[in-house]
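The primary structure of each chain is shown beneath.
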Amino acid sequence: MGKISLILLLCIIFVVAFVEAGSSASSSSDHHEDEIGVYQLKKGNFCIKFTNFGATIISLVLPDSQGKLADVVLGFDSAEAYMNDTANFGRIVGRVANRIGGAQFTLNGTTYKLIPNDGNNTLHGGPKGFGQVIWKVRKHKQDGNSPYITFTYQSSDGEQGFPGKLLVSVTYMILGHTTLSVNMKAKAINKATPVNLAQHTYWNLGGHNSGDILSNTLQLFASHITPVDAGLIPTGEITPVKGTPYDFISPHEVGSMMDKLPHGYDINYVLDEPHKMKKVAMVHDGKSGRVMELWTNKPGVQFYTANYLKDVKGKGGFVYGPHAALCLETQGFPDSVNHPNFPSQIVYPGETYKHFMLFKFTAKQVGNM
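I will try to describe carefully the structure that is included in this document.

Analysis parameters
Residues numbered from 1 in each chain as written. Predicted model: local features only at pLDDT ≥ 70, side-chain atom pairs only at ≥ 80, totals over all residues. Heavy atoms only, no water. Helix = DSSP H or I, 4+ residues; strand = E, 2+ residues; numbered from the N terminus. Buried < 20%, exposed > 50% of the residue type's maximum accessible area, 1.4 Å probe, protein only. Polar contact = N/O pair within 3.5 Å; in protein donor to acceptor, adjacent residues only side chain to side chain. Contact = heavy atoms within 4.5 Å. 1 Å grid on protein atoms, 1.4 Å probe; cavity = no way out; pocket = protein on both sides within 12 Å on 5 of 7 lines; lining within 4 Å. Points joined across faces, edges and corners; volume = space filled by probe spheres on them. Nonpolar A, V, L, I, M, F, W, Y, C, P; charged D, E, K, R; others polar.

Considering unusual backbone geometry
Inference 1: The omega torsion across G94 and R95 is 10°, close enough to zero to call that bond cis.
Inference 2: As for its placement among the helices and strands, R95 is situated in the loop between β5 (91-93) and β6 (99-100).
Inference 3: Even without being a glycine, N98 presents a positive backbone phi close to 70°.
Inference 4: Relative to the elements of secondary structure, N98 occurs in the loop between β5 and β6.
Inference 5: Take N98: its relative accessible area is 3%, and that puts it in the buried class.
Inference 6: Of note, the phi angle at Q160 is positive, near 55°, even though the residue is not glycine.
Inference 7: Assignment of secondary structure puts Q160 in the loop between β11 (148-155) and β12 (166-175).
Inference 8: You can call Q160 buried: its relative accessible area is 14%.

Concerning the side chain of Q331
Inference 1: Relative to the elements of secondary structure, Q331 occurs in strand β26 (residues 327-331).
Inference 2: Separated by 2.8 Å, the side chains of Q331 and N268 make a polar contact.
Inference 3: Setting aside its immediate chain neighbours within four residues, Q331 contacts N98, N196, N268, K298, P299, G300, V301, Q302 and H355.

Here's the deal with empty space enclosed by the protein
Inference 1: Enumeration according to the criterion identifies two cavities of 30 Å³ or more in this entry.
Inference 2: Estimates place the volume of the largest cavity at around 60 Å³.
Inference 3: Around the largest cavity, the lining residues are N98, R99, T226, V228, L232, P234, D266, I267, N268, Q302 and P334.
Inference 4: Classifying every residue of the lining of the largest cavity by side-chain character gives five nonpolar, four polar and two charged.
Inference 5: Roughly 30 Å³ of volume is contained in the second largest cavity.
Inference 6: Contributing to the lining of the second largest cavity are G94, R95, G125, G129, F130, S155, E159, Q160 and F162.
Inference 7: Split by residue class, the lining of the second largest cavity holds two nonpolar, five polar and two charged.

Here it is as structure tokens:
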């Protein structure tokens, strides 16, 4: 194991132990559970803001190679504006992120009918999934050595058609100087149920108002994808990326082969080394020098280039259009409940779903790669 991998593994162990044990230094929120609020984590000039509506990242400010600060997350000026957001800016989405074909699945002999909200399919948990509800702020420590915030949500049996009661939490924590840890957990209480949470932030390392991300350089540590049909539902195949526009094994610009695709990228990548904590991707913005490195323990990542953003009025009145950002949503495979050959997303009573992400931000001198 390399030095960097060992450091990241130790970071994850620390985060898990810290969150599960709790901290006497943390403070519980005293806001009413039906109120929408804004919360901050800050360390030096690295600052992240959240809202408890959808356990959402609403801003992330960090320096470029010259020390200039910018917010690299698309979003809105007020927390309330997220209630009408249809793009899922910054949210935790679930109970099952991504698509479920035909808005139904069969588990242990019972067919569960879900609520379609993407044609005939269910997307990101349905019309009122985890990204469209108010979460409780369980703990919040906004500064210090390892600032963190924990959001929790209790999903009822039958919510959006899914079986079983589910207790869900996400902890965001700043590690080091400019690393964000995301620790998602879900415990099934009384029935087996599919669980696939995803963090749905739209990233633009040049700044949320800097234009498109087509000149960003991307490297994805994945040699296969799960191809989809016209409705973006996986066919069940797992195919290699070599020789296709989906090949980012060697780093190159996001837009360099996009003319070979109908709209842009919106596909699940099958990560190499799926059963361990591993590096997923690296994104480099050549103009600002900012670099984002992503790690996860999940087997897949949805790469999405904001193809369907159109005239969305965001922060400061800036209007977001297609390709104004990119999403890298680590996850289980889409529609796994209907494809037995995909890694299972079923969590049984007493079991706990665990999903870790690390976003490591750095900056290179402009012109270096």
